[in-house]
Amino acid sequence: MIMVEFGLDTFGDVTADSHGKRLPYAEVIRNVVEQAMLAEKVGVDAFGLGEHHRDDFAVSAPEIVLAAIAARTSTIKLGTAVTVLSSDDPVRVFERFATLDAVSNGRAEITLGRGSFTESFPLFGFDLHDYEKLFEEKAELMAELLKEGPVTWSGTVRPPLTDQQVYPKSSSGRIPTWIGVGGSPESVVRAAKYGFPLALAIIGGEPVRFAPYVELYHHALKEFGQPDQPVAVHCPGFVADTDEEAVETLWPHARTMLNRIGRERGWPPMARDRFDHDITEGAWHAGSPETVAQKMARTIKELGIQRFDLKYSAGTLPHEQMMKSIELYGTQVIPRVRELLGS
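What comes next concerns the included structure. (Residues numbered from 1 in each chain as written. Predicted model: local features only at pLDDT ≥ 70, side-chain atom pairs only at ≥ 80, totals over all residues. Heavy atoms only, no water.)

Observations regarding the packing of aromatic side chains
- With the rule as written, the count across this model stands at 8 aromatic pairs.
- Between phenylalanine 47 and tyrosine 312 the ring centres are 6.3 Å apart and the planes differ by 45°, which places this aromatic pair in the tilted class. Here tyrosine 312 lies in the loop between strand E12 (307–311) and helix H11 (319–342) and phenylalanine 47 lies in strand E2 (residues 46–49), a separation of 265 residues in the sequence.
- Residue class for phenylalanine 47 comes out buried when judged on its relative accessible area of 2%.
- With a relative accessible area of 1%, tyrosine 312 lands in the buried category. (Phe/Tyr/Trp six-rings, centres within 6.5 Å; stacked < 30°, edge-to-face > 60°. Helix = DSSP H or I, 4+ residues; strand = E, 2+ residues; numbered from the N terminus. Buried < 20%, exposed > 50% of the residue type's maximum accessible area, 1.4 Å probe, protein only.)

And the structure:
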């Protein structure tokens, strides 16, 4: 049997109630805590929160929300999807997650990334022209910090460190830390260079097209003399009782979300036939429990991954419908995927 972990990710999308009214940020955040509690109850292995600094997402400080979740759960792993390292300070990132690791009894994880949005750069005073340099240097420093010994480091994006200890230390001696990648070969090689596990964000196209990146990653690990590491994927999805219910429920909320992002990036409006194609052939893992399980099992086998994280929130999709999706994911989809992988 292929051993795989199953997670859920959300960006804390600002949702709507049953009448289409936008919920306050505070209520959205409290709902995220409730969603994570249900995820643990139904057997999900890991829960990830994305960091964003824009009005359509409520979570800008995921570690605080994860700490609240830690106080109300006991087994589920708690991480990010992603932590925008480029506009943060690696020392503070380490300190916050080491603290989360303590309050969660060793369940903290980090996924480092450059983020798919850029609002944090002007917000915290960083120049987008330094996009590559910021992440490269800070990833290098983060790799040293995670060793949890004295750190000596110098670069151009923050003051140097000389034999500097950073506290608190984690109970295990190393916080599990992934590098999130959207499809850049350079980013895949960077993850291997520093020995970070790889998390592939598959948000468009057929999942199998990412197989060369997985192959490149394992090859690069060997070239850099790093031990083998797990690979995860993050894909959007939604589970309902039937395929028709899933698509009809998801479509208006996904359309609003995708069209807003599309306007910002110069993409054409999302057409229904294109969305349907993305569900049947593309990155979306949406439908009945059996449909989602079959597609997940295919993605896992084709890519040879060790974790599958379903991004279950989608724009204004209401809390109640996400709760139903989480329940079906844990109670029906995950057991069925494990059955398919063992056959």
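Considering the pairing of strand E3 (residues 77–80)
- Here E2 runs beside E3; their pairing, made up of 4 bridges, is parallel. Considered in E3, the bridge of glycine 48 is made with glycine 79.
- Regarding topology, helix H2 (residues 62–70) serves as the crossover connection from E2 to the parallel E3, and that connection is right-handed. (Pairing = 2+ DSSP bridges. Right-handed = clockwise from strand over helix to strand, strands pointing away.)

Overview of the side chain of glutamine 229
- Along the chain, the position of glutamine 229 falls in the loop between helix H7 (211–223) and strand E10 (231–239).
- With relative accessibility at 19%, the residue glutamine 229 sits in the buried group.
- Engagement of the side chain of glutamine 229 in a polar contact is seen with the backbone oxygen of glycine 195, the distance being 3.3 Å.
- In this structure glutamine 229 touches Gly195, Phe196, Pro197, Tyr217, His218, Leu221 and Gln306, once residues within four positions along its chain are discounted. (Polar contact = N/O pair within 3.5 Å; in protein donor to acceptor, adjacent residues only side chain to side chain. Contact = heavy atoms within 4.5 Å.)

What about the pairing of E12?
- The element E12 is extensively covered by neighbouring structure, given that 5 of its 5 residues are classed as buried.
- A two-sided burial pattern is seen for E12, the buried positions comprising Arg307, Asp309 and Lys311 on one face and Phe308 and Leu310 on the other.
- In this structure, strand E1 (residues 5–10) lies alongside E12, joined through 5 bridges in parallel fashion. Within the sheet, the bridge partner assigned to leucine 8 lies in E12 and is leucine 310.

Topic: helix H1 (residues 25–41)
- Over its 17 residues, H1 extends 25 Å from the first C-alpha to the last, a length consistent with the 24 Å expected when each residue adds 1.5 Å.
- The set of residues buried in H1 consists of Val28, Asn31, Val32, Val33, Gln35, Ala36, Leu38, Ala39 and Glu40.
- Elements in contact with the buried residues of H1: E1, E2, H2 and H11.
- In the stretch just after H1, glycine 43 is the one whose phi turns positive, near 95°. (Expected span 1.5 Å × (residues − 1).)

Some thoughts on the nonpolar core
- Counting residues in each nonpolar core, the largest one holds 104 residues, and the members touching the most others are Phe47, Leu200, Phe308 and Tyr329.
- At 10 residues, the largest contribution of residues to this core is made by H11.
- Those residues within four positions of leucine 200 in sequence are excluded, and the remaining contacts are Val181, Phe210, Tyr213, Val214, Val231, Ala232, Val233 and His234. (Core = buried A, V, L, I, M, F, W, Y, C linked by side-chain atoms within 4.5 Å.)

Comments concerning unusual backbone geometry
- For the bond running from alanine 81 to valine 82, omega is 10°, close enough to zero to count as cis.
- Within the secondary structure layout, valine 82 lies in the loop between E3 and strand E4 (83–84).
- Put simply, tyrosine 167 and proline 168 share a cis peptide bond, and its omega is 0°.
- By the secondary structure assignment, proline 168 is in the loop between strand E7 (161–164) and strand E8 (177–181).
- With a phi angle near 60°, asparagine 105 is a residue other than glycine that sits in the positive phi range.
- With respect to the secondary-structure elements, asparagine 105 resides in the loop between helix H3 (90–103) and strand E5 (110–113).
- A residue is classified by how much of its surface remains accessible, and asparagine 105, at 72% relative accessible area, is exposed.

A word on the pattern of salt bridges
- Inspection of the entire model under this criterion finds 26 salt bridges.
- Aspartate 55 is the partner of arginine 260 in a salt bridge, and the nearest nitrogen-oxygen pair spans 2.7 Å. In this pair, arginine 260 sits in helix H8 (residues 243–265) while aspartate 55 sits in the loop between E2 and H2, placing the two residues 205 residues apart along the sequence.
- Measuring nitrogen to oxygen at the nearest pair gives 3.3 Å for the salt bridge that ties arginine 260 to glutamate 264. One end of the pair is arginine 260 and the other is glutamate 264, both in helix H8 and 4 residues apart, which spans about a single turn.
- For arginine 260, a relative accessible area of 26% translates into the label partly exposed.
- Because the salt bridges share partners, they merge into one network encompassing Arg54, Asp55, Asp56, Glu119, Arg260 and Glu264. (Salt bridge = Lys/Arg side-chain N within 4 Å of Asp/Glu carboxyl O.)

Section: the packing of H2 against H3
- Taken N-terminus to C-terminus, the directions of H2 and H3 make an angle of 10°; their axes are 9 Å apart at the nearest point. With respect to their mutual orientation, H2 and H3 come out roughly parallel. Residues Glu63, Leu66, Ala67 and Ala70 of H2 touch H3, and the partners they reach there are Arg96, Phe97, Leu100 and Val103.
- Among the residues making up the contact of H2 with H3, the classes are represented as 6 nonpolar, no polar and 2 charged. (Axes fitted to C-alpha atoms, helices over the stretch in contact; angles between N-to-C directions. Parallel < 35°, antiparallel > 145°, perpendicular 65-115°, else oblique. Nonpolar A, V, L, I, M, F, W, Y, C, P; charged D, E, K, R; others polar.)

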